[in-house]
Amino acid sequence: MSLLIVTPIVAPLLAALAGVAFRERPVVQRLISLAGPLSMLGSGLALLVIVDSDGIQATNLGDWPAPFGIVLVADLFSAFMLLMAGIVSLAALLYSFATLRERNIRFGHYSVVNLMLVGVSGAFLTGDMFNLFVWFELMLIASFVLLALGGGRRRIEGAVKYVAINLLSSAFFLSGAGLLYASTGTLNMADLSVKIAQVDNQGLVTTIAMFFVISFGLKSAAFPMFFWLPASYHTPSIDVTALFSGLLTKVGVYALIRTFTLVFANDVDFTHTLIMVLAGFTMVVGVIGAIAQYDYRRLLSFHIVSQIGYMLMGLSIFTPAAIAGAILFMAHNILVKTSLFLVGGLIAQFSGTESLNRLGDMYRSKPMIAALFAVAALSLAGLPPSSGFISKLALVRAGIEAEAYVITGISLFVSLLTLYSMIKIWNSVFWRPAPQDAAGPVTEKPGGARLALMLSPALLLIGLSVVFGFVAQPVFELATAAAESLIEPSAYVDAVLGETS
Amino acid sequence: MEVVLIFLVGGMFSAGFYLLLQRRLAQLIVGLGLLTNATNLLVFTVARLSREGAPLIRTGSDQLPESVSDPTPQALVLTAIVIGFGVLAFFITLAYRAYKQIGSDNLEQMVSTDLLDADDDPDDELQGELQSGAAD
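Residues numbered from 1 in each chain as written. Chains lettered and ligands numbered in written order. Predicted model: local features only at pLDDT ≥ 70, side-chain atom pairs only at ≥ 80, totals over all residues. Heavy atoms only, no water.

Q: Explanation requested: the overall build of chain A in the structure shown.
A: Secondary structure summary: chain A contains 22 helices and 2 strands in total. At 22 Å, chain A has a C-alpha radius of gyration in line with the 23 Å of a compact globule built from 501 residues. On the principal axes, the C-alpha backbone points of chain A span a range of 70 × 55 × 40 Å. The burial tally for chain A puts 65% of its 501 residues in the buried class. Counted over contacts in chain A with a minimum sequence separation of 6, partners at least 24 positions apart contribute 82%. Treating the 26 positive side-chain charges of chain A as one cloud and the 26 negative ones as another, the clouds have centres 20 Å apart. (Helix = DSSP H or I, 4+ residues; strand = E, 2+ residues; numbered from the N terminus. Rg over C-alpha atoms; globule rule 2.2 N^0.38 Å. Buried < 20%, exposed > 50% of the residue type's maximum accessible area, 1.4 Å probe, protein only. Contact = heavy atoms within 4.5 Å. Lys, Arg positive; Asp, Glu negative; His and termini not counted. Charge placed at Lys NZ, Arg CZ, Asp CG, Glu CD.)

Written as C-alpha cells, this is what we have:
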C-alpha cells in the first residue's frame with residue numbers, strides 16, 4: 001500500500017537520474033522519460049480505486065508516527081489530480097518526441113521534466129505544510145530550467161520575471177509556514193486542522209491565512225498577482241507551455257483548496273469572501289486581457305488566468321457542490337487548456353507563426369487541425385457536449401443554490417467573453433482568407449509517423465474531454481465524493497492521526 | 001534578543017521590497033536575497049532564542065520547557081537556506097545571461113515578452129525550433 005503512494009514520487013526521480021546517464025542517447029532518454037507520467041497515471045488510477053473502496057490512505061515516511069514525521073496522504077482529490085497530471089504530462093511528452101530539438105534533449109530536457117513531475121506528485125500527496133513547501137520548490141526549480149532552456153532573448157526575459165515572482169511567493173509561503181508552526185506547534189495538516197481551532201488569537205490565524213492566499217495566489221496566477229504568467233508562458237517551446245498550463249497553476253489551486261478546506265476553515269466569512277472577490281476579478285481581468293491579444297499563446301495564457309477564477313469561485317462558495325464543481329473544472333481545464341496549446345503547436349508547425357495577424361485559411365488547408373481546435377475551443381467556452389459544459393453547469397448550479405448570484409452572474413458573462421475570444425482565434429486562423437503578408441510555409445513539413453505523433457496527444461486530450469461530457473455521471477459522483485471529504489475533514493484526520501485522535 | 005531580531009527582520013523585509021521596486025537587475029538580486037534571508041530569520045526567531053540546555057521534554061510533561069528553544073523551526077530553516085541558496089544562485093546566473101543578451105541591466109528594457117504581438121522579434125527561437133524538429 002505504502003509503495004503505491006510513494007511510486008509517483010520515486011519513479012520520476014529515478015527516471016530523471018537515469019536520463020542523465022544516457023545524456024547522448026536521445027532515443028533512450030525518450031523511453032526513460034515516459035516512466036514519470038506513466039507511474040503517475042497508473043498509481044493515480046490505482047489509488048482512486050483503493051481510496052474509493054477502503055477510504056483515505058496514509059503513509060508515514062521513515063515510520064515516524066504522525067504528527068511528528070512527514071506523512072503522505074492520498075484521498076480522492078489528490079488521487080484524481082495525480083491521474084489528470086499523469087495524462088497531460090504523457091500527452092506533452094509525446095508531443096515533444098516529435099518536436100523537441102536534439103540540442104535540448106542533450107541539455108537534459110527530459111530529466112528536468114521528470115524532476116518537475118516529482119515535485120507535482122509530492123505536492124499532491126503530502127500531508128505536511130513544510131513538506132509542501134519543499135515539493136513546490138522542487139517543482140519550481142525544474143520549471144525555471146525548462147523555461148530558460150534553449151536561450152534567446154524572449155525566453156530569458158520571461159524566465160527572469162517568472163523566477164523573481166516565484167522567489168517572492170516562496171518567501172511568503174515559508175513565512176506563513178513558520179508563523180503557523182509558532183502558533184500551533186505542528187505542521188501536519190491533519191493535526192493543524194484539529195489544533196487551529198484551539199489557538200487563542202484567531203486574528204493571527206487569519207493573518208497567517210493571508211500569507212497563504214498571497215503565496216498560492218501568486219503560484220496559481222490569481223488577480224492581482226497574475227502578471228507574470230502571460231509574460232512568460234508563451235516563451236518556451238510549445239510542449240513546455242502545454243505542460244506548464246496543465247500542471248503548475250493547477251498545483252497552486254490544489255494547494256489553495258487543500259489548505260482552505262482542511263486548515264483555514266474557521267473564519268470562512270472573511271477568508272472565503274476575500275477569495276470570492278479575487279475569483280471574480282481574476283475571471284474578468286483574465287478574459288479582458290485575452291481579448292486584446294494577437295499572439296496565439298499569449299491569448300491562451302490570459303485564458304489560463306481567467307479560468308483560475310472559476311476554480312477559486314468553487315472554493316469560495318464553500319459548499320460540497322461548489323467544491324465538486326471546482327474539482328471538475330480543474331480536471332476539465334487541465335485537459336482542454338493543454339490540448340489547445342498543443343493545437344497551437346500544430347498551427348505554428350504548419351504556418352511558421354503564432355501571430356493571429358499573419359495566419360489565415362487553415363480551415364481549407366488543414367481541416368483536421370481546425371476540427372481539433374473547434375471542439376477544444378467550444379469545450380473551453382462551456383458548450384455541450386464536453387467537459388466544459390458539465391463542469392460549468394456544476395459550478396453555476398452550486399452558485400445559485402448557495403445564493404451567490406453576483407459571482408455566478410460574472411462567471412456566465414465571462415463564459416460569453418471566452419466564446420468571443422475563441423471565435424476571434426477561429427476567424428483569424430481558420431476562417432478568413434490568408435492575409436497579404438501571411439507567413440511563408442515552413443520549409444520542412446512533418447509527415448508520416450512524426451505527424452501522427454504530433455496529432456495524437458491533442459486528439460487524446462480532446463477525446464477525453466468529449467468522453468468526459470458524455471459519461472459525466474461517474475466523474476461527477478467522484479468529484480462530489482471528493483468534495484464532501486474535503487468539507488468534512490474528519491475522515492482525513494482519522495486516516496492520518498490514527499484512532500488516537 | 002528576540003526584540004532585536006524582530007526589528008531586524010522587519011528592516012530586512014522593507015529593504016528587500018524597496019529593492020524589488022527598483023529598475024536594475026542587480027538591485028533585484030540583492031532584494032530577493034534579503035527577502036529570502038529575512039524569511040529564514042523570521043522562522044528562526046519563531047523558535048525562541050535561547051542557549052539553555054538540550055530541547056528535551058521532561059517526563060510527565062508533553063511540552064517543551066519555556067526556557068529552551070524549539071529545534072523544529074531550526075531544522076526547517078536549514079532546509080530553507082539550502083533551497084534559497086540554490087534558487088538564488090540560479091537566478092544570478094540567469095540575470096547574467098539576461099544582461100549579456102539584452103545588453104543592459106535595466107528591467108524596463110525587458111518588455112519583449114509583454115508586447116501584444118511579438119511576431120516581429122528579431123531572434124525568435126520558435127523559427128529555429130520549427131525548422132529543426134526531431135531530425136533523428
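After that view of the structure, there is still more to cover.
Q: Looking at this structure, I do not really get the side chain of K219 of chain A. What am I missing?
A: Residues and elements named next belong to chain A. Checked against the element boundaries, K219 lands in helix α10 (residues 202-220). Of the buried charged residues, K219 lacks a salt bridge, with E137 as the closest side chain of opposite charge at 4.5 Å. Excluding anything up to four places from it in sequence, K219 contacts F136, E137, L140, N166, S169, S170, F173, W228, L248, T249 and G252. (Salt bridge = Lys/Arg side-chain N within 4 Å of Asp/Glu carboxyl O.)

Q: Whenever I open this one, the interface of chain A and chain B confuses me. Can you help?
A: Accessible area lost when the parts come together is the quantity often used to give the size of an interface. Taken together, the contact between chain A and chain B spans 66 residues of the former and 53 residues of the latter. Both faces considered, chain A and chain B share a buried interface measuring about 4900 Å² in area, 63% of it formed by carbon and sulfur atoms. Where chain A meets chain B, there are 0 salt bridges. On inspection of chain A and its partner chain B, the count reaches 4 residue pairs in polar contact (both at pLDDT 80 or more). Counting only elements with at least two residues in the side of chain A that touches chain B, the list comes to α2 (26-33), α4 (76-99), α5 (102-106), α7 (129-148), α8 (153-184), α11 (228-232), α14 (296-317) and α15 (320-351) of chain A. Here the element with the most residues in the side of chain A that touches chain B is α8 of chain A; it accounts for 21 residues. Partitioned by chemical class, the residues of the side of chain A that touches chain B number 33 nonpolar, 17 polar and 16 charged. (Buried area = accessible area lost by both parts, 1.4 Å probe. Polar contact = N/O pair within 3.5 Å; in protein donor to acceptor, adjacent residues only side chain to side chain. Nonpolar A, V, L, I, M, F, W, Y, C, P; charged D, E, K, R; others polar.)

Q: Would you mind showing me how to read the environment of A321 of chain A here?
A: Residue and element names in this part refer to chain A. When you line up the elements, A321 lands in helix α15. Judged by its relative accessible area of 32%, A321 is partly exposed. A C-alpha to C-alpha distance of 9.7 Å links A321 and A481, two positions 160 residues apart in sequence. If we skip the residues at most four places from it in the chain, A321 touches A398 and E401.

Q: Would you mind showing me how to read the environment of V429 of chain A here?
A: Residues and elements named next belong to chain A. Looking at the element boundaries, V429 is found in helix α19 (residues 405-431). Separated by 148 residues in sequence, V429 and F281 place their C-alpha atoms 29 Å apart. What V429 contacts, discounting residues up to four positions off in sequence, is I347, L356, L359, G360, D361 and M362.

Q: How should I be thinking about empty space enclosed by the protein in this particular structure?
A: The gaps left among the atoms become clear once a water-sized probe is rolled over them. Applying the stated criterion to the full structure yields 6 cavities of 30 Å³ or more. Here the second largest cavity is characterised by a volume of approximately 100 Å³. Along the walls of the second largest cavity sit 13 residues, with F133, E137 and S170 of chain A together with T36 and G84 of chain B positioned nearest its centre. The set of elements that each furnish at least two residues to the lining of the second largest cavity consists of α7 and α8 of chain A together with α2 (25-46) and α3 (71-102) of chain B. (1 Å grid on protein atoms, 1.4 Å probe; cavity = no way out; pocket = protein on both sides within 12 Å on 5 of 7 lines; lining within 4 Å. Points joined across faces, edges and corners; volume = space filled by probe spheres on them.)

Q: Where do I start with unusual backbone geometry in this structure?
A: Excluding glycine, most residues fall at negative phi; most peptide bonds, likewise, are trans. Residue and element names in this part refer to chain A. Put simply, F223 and P224 share a cis peptide bond, and its omega is -5 degrees. Secondary-structure assignment places P224 in the loop between α10 and α11. A positive phi angle, close to 60 degrees, is found at F318, a residue other than glycine. Counting through the fold element by element, F318 comes out in the loop between α14 and α15. Backbone geometry places D361, a non-glycine residue, at a positive phi of 65 degrees.

Q: It is not clear to me how a nonpolar patch on the surface should be interpreted in this structure. Could you clarify?
A: All names here are of chain A. A cluster of nonpolar residues, V10, L13, L14, L17 and L115, forms a patch on the protein surface that exposes about 410 Å² of accessible area. The biggest single contributor to the nonpolar patch is helix α1 (residues 2-21), with 4 residues. Note that L14 resides in helix α1. (Patch = residues over 30% accessible without salt bridge, like charges linked within 9 Å, V, L, I, M, F, W, Y side chains within 5 Å. Areas by Shrake-Rupley, 256 points an atom, 1.4 Å probe, with all protein chains shown as cover.)

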